[in-house]
Amino acid sequence: MAPRVGIVGIGHCRFGNSSDYDLVDVIAYSANDALQDAGGLELRKQVDQVFVGNMAAGMFNHVTSAASALVSRMDMEPVPAELIENGPASGASAIRMGYMAIASGMADVVLVAAGEVMRSVSGWEATNIVATMSHTEAEYNMGLTLPGFAGMFTRLYMEKYGMTERDLALVAVKDHANGALNKYSHVQIPVTIDAIADGESANVVNNYVAEPLRMYSTCPISDGSAAVILVNMDSPKAKLFRKKAIRIAGMGAATDTHCVHNRKDPLVLDAVRLSSQMAYKMAGIGPADISFAELHDAFVIFELLNSEEVGFFERGKSFIGVRNHETEIGGRIPINTSGGLKAKGHPVGATGVSQVVELVRQLRGEAEEGRQVKDPKYGMAVNFGGFGNNVITTILAKD
Amino acid sequence: MAIDELEKKLRPPEAQMAPYPPKVITLASGEVMVVRECRREEAGALLGTVYPLLGVSKDYYDIVAARMYSEILGWFRYRVANEFVIVGAINGEIAGIVTSRHVDGKTGMSLHTLTIKRGLRVGAQLFAAKMEHHIEYLKEEEVHIVAESPIGFKRWMIEYELEDRSAQYPAVRHELGGVPTFTLTRRLWDAVRPVKCTGTRPVAPEVLKTADKLRMPSEYVQLPGWKRGD
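Calculation criteria
- Residues numbered from 1 in each chain as written.
- Chains lettered and ligands numbered in written order.
- Predicted model: local features only at pLDDT ≥ 70, side-chain atom pairs only at ≥ 80, totals over all residues.
- Heavy atoms only, no water.
- Pairing = 2+ DSSP bridges.
- Helix = DSSP H or I, 4+ residues; strand = E, 2+ residues; numbered from the N terminus.
- Contact = heavy atoms within 4.5 Å.
- Axes fitted to C-alpha atoms, helices over the stretch in contact; angles between N-to-C directions.
- Expected span 1.5 Å × (residues − 1).
- Buried < 20%, exposed > 50% of the residue type's maximum accessible area, 1.4 Å probe, protein only.
- Arc of directions from axis to C-beta.
- Buried area = accessible area lost by both parts, 1.4 Å probe.
- Salt bridge = Lys/Arg side-chain N within 4 Å of Asp/Glu carboxyl O.

### Some points on the sheet that holds strand S4 (residues 93-102) of chain B
Across a sheet, strands are paired by hydrogen bonds formed along the backbone, either parallel or antiparallel in direction.
All names here are of chain B.
And then number 1: What the eight strands build is an open sheet, ordered S1-S2-S3-S4-S5-S6-S8-S7; its pairing is mixed. Whereas interior strands pair on both sides, the edge strands pair on one side only; in this sheet they are strand S1 (23-26) and strand S7 (163-164).
And then number 2: Bridge analysis of strand S3 (residues 83-90) against S4 gives eight bridges, and the strand direction is antiparallel. Across the sheet, the residue bridging to Gly88 is Gly96, located in S4.
And then number 3: Strand contacts of helix H2 (residues 43-50): S3, S4 and strand S5 (107-115), with the helix running at about 110° to S4, the strand carrying the most contacts.

### A few points about helix H10 (residues 270-283) of chain A
Residues and elements named next belong to chain A.
And then number 1: Along its 14 residues, H10 runs 20 Å from first to last C-alpha, staying within 8% of the 20 Å computed at 1.5 Å per residue.
And then number 2: Within H10, the full set of buried residues consists of Ala271, Val272, Ser275, Ser276, Ala279, Tyr280 and Ala283. Around the axis of H10, the buried residues are gathered within 160° of arc, so they sit on the same side.
And then number 3: Residues of H10 that are buried sit in contact with strand S8 (246-255), helix H11 (300-309), strand S10 (378-385) and strand S11 (390-397).
And then number 4: Positive phi shows up at Gly284, right after H10, with a value of about 75°.

### Some remarks on unusual backbone geometry
And then number 1: Here A:Glu211 and A:Pro212 are connected by a cis peptide whose omega angle stands at 10°.
And then number 2: Omega for the peptide link from B:Arg201 to B:Pro202 comes to -10°, which places this bond in the cis form.
And then number 3: Its location among the elements puts B:Pro202 in the loop between helix H6 (186-196) and helix H7 (205-210).
And then number 4: A positive phi is found at A:Asn336, a non-glycine position, where the angle reads about 55°.
And then number 5: You can see A:Asn336 is positioned in the loop between helix H12 (318-323) and helix H13 (340-344).
And then number 6: Overall, A:Asn336 belongs to the buried group, its relative accessible area being 0%.
And then number 7: We note that B:Glu161 has phi near 50°; this positive angle belongs to a residue other than glycine.
And then number 8: Along the chain, the position of B:Glu161 falls in the loop between helix H5 (150-158) and S7.

### Details of the interface of chain A and chain B
And then number 1: Chain A puts 17 residues into the contact, and the matching count from chain B is 22 residues.
And then number 2: Both sides together, the interface formed by chain A and chain B hides about 1500 Å², and carbon and sulfur atoms give 56% of it.
And then number 3: The largest per-residue losses of area from chain A upon contact with chain B belong to A:Trp124, A:Ile189 and A:Val204, which jointly make up 34% of the total buried on that side.
And then number 4: Along the contact surface separating chain A from chain B lie one salt bridge.
And then number 5: A salt bridge links A:Asp20 to B:Lys58, with the shortest nitrogen-to-oxygen separation between them at 3.5 Å.

So far we have only geometry, and geometry alone does not tell us how the molecule works.
The following block contains the structure:
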């Protein structure tokens with residue numbers, strides 16, 4: 001039987017603009033933060049394996065081999081270290097590799113740190129770099145960017161299910177309300193529905209990015225990092241750590257066609273559904289058992305679609321749930337309590353780890369006042385790589 | 001101040017300029033920003049607002065603050081012809097400032113845009129207000145614009161799709177240092193106005209009153225930990 005794997009340390013920097021800093025320093029900040037949280041920096045000598053999540057440092061920062069650099073920067077040699085790249089799901093993939101390393105018996109303690117410094121380039125260059133994960137001939141070379149894709153995706157959903165632009169704005173209002181209370185958020189400003197949807201200035205204040213997506217339907221371009229320390233809960237080493245472990249109850253991963261046009265229905269995100277089903281099965285629970293969730297919302301339409309694919313809402317009904325306040329803190333299923341990618345920010349390689357840090361903070365009861373979910377038992381994170389073509393779902397449990 | 005003969009010679013000739021009517025914009029946060037033209041006696045609050053940013057190199061605040069400081073001082077001391085200053089104020093606190101100059105009946109010269117309160121497109125709204133004043137109230141046909149920061153270039157040159165006039169140098173040149181000159185024409189303004197410029201007029205007296213006395217910000221996101229008076 002595979003050992004139980006838990007998280008005993010979490011680290012996070014405030015997302016935003018770190019372009020004055022070296023990428024490896026940005027990642028090391030959160031790695032050190034996680035070690036301090038776990039009990040102290042000297043615990044780095046207990047680490048058996050390091051995985052670093054990053055999407056595109058080669059292009060954003062002209063840096064490669066960030067895992068090797070991190071280990072050296074933190075005086076952790078000769079620990080094995082590898083870089084994990086899976087687009088914007090690099091962070092969750094790195095955690096998954098950490099889980100597998102412990103489950104396989106090859107390691108008892110794994111440091112997973114992830115980061116991205118995207119604001120070292122202009123906004124449109126960052127958009128271009130992120131777009132390289134799409135299909136080269138069929139998508140990228142045709143000029144498609146992720147906002148462009150998400151705009152078409154949103155239009156299709158609106159036409160099929162009757163969602164309005166105002167419904168998208170309601171998601172943003174909810175996410176920004178949460179993000180405003182999160183000390184790690186890039187954007188700590190609450191927004192009002194009147195200002196971004198109903199008021200006479202809304203068209204200008206909340207301008208189109210890729211119609212029907214507006215500025216407040218889209219995540220900002222952020223820098224930042226996050227880290228977790230995984231431990232074999234059944235190993236003697238587990239006793240070295242100060243904090244009680246939050247158990248990884250379930251993990252699932254799945255892929256879908258690289259070319260979106262090869263899917264039978266572009267509004268069906270098979271990889272999200274399949275990965276969540278794997279995670280539920282492993283955890284022995286179902287959607288009704290989840291207390292709250294962090295769902296990858298680079299564009300707010302993804303939060304809605306993901307919430308349907310993981311079973312929180314019927315297909316085409318998630319926006320009704322938002323109208324009914326079901327996804328707010330205190331609602332039936334709080335979603336993106338951190339502010340999500342929309343408000344907290346989306347340093348692509350770091351996002352998956354950041355989501356899991358939020359799960360741990362909530363399950364420990366350490367979230368800020370006003371956004372702490374009451375007595376949560378299970379938290380779920382869905383991290384998207386590509387346009388829904390490589391997805392990792394993680395479920396954590398407070399035992 | 002007594003204006004003697006020498007002082008008269010030092011001052012530039014001033015054209016009679018139409019005033020910019022105040023307006024109010026509801027920002028994404030729900031905060032209400034009054035946008036209005038500044039009075040000369042408010043130069044002290046404006047200079048005091050700009051001053052702390054002189055040492056902030058990030059996002060080129062230093063160069064924009066230094067240039068804007070001199071522009072406001074020049075306006076206050078009558079050393080720049082036909083300059084105007086527009087401010088955005090939230091509950092009286094200065095959120096952003098723009099400076100500009102009316103050259104003649106056909107041409108405007110956009111000077112600088114400085115955003116204090118970031119993340120709510122305050123700078124974008126104030127830049128649009130500046131262009132609105134040039135084209136709609138001062139009746140100019142075109143406004144010359146330069147960018148001194150990447151953010152400015154994106155916000156103005158890219159988003160407004162300004163005409164690149166740099167090939168016409170030196171026949172067409174902005175007054176700021178010879179950097180490439182771009183131009184907003186009336187035709188371009190008419191095209192972008194619906195998506196770039198907003199605001200409600202007239203402003204209710206009680207709302208306008210909140211911006212009657214301008215207050216300098218006590219803190220700046222650009223200067224973490226800094227507090228006015230420390």
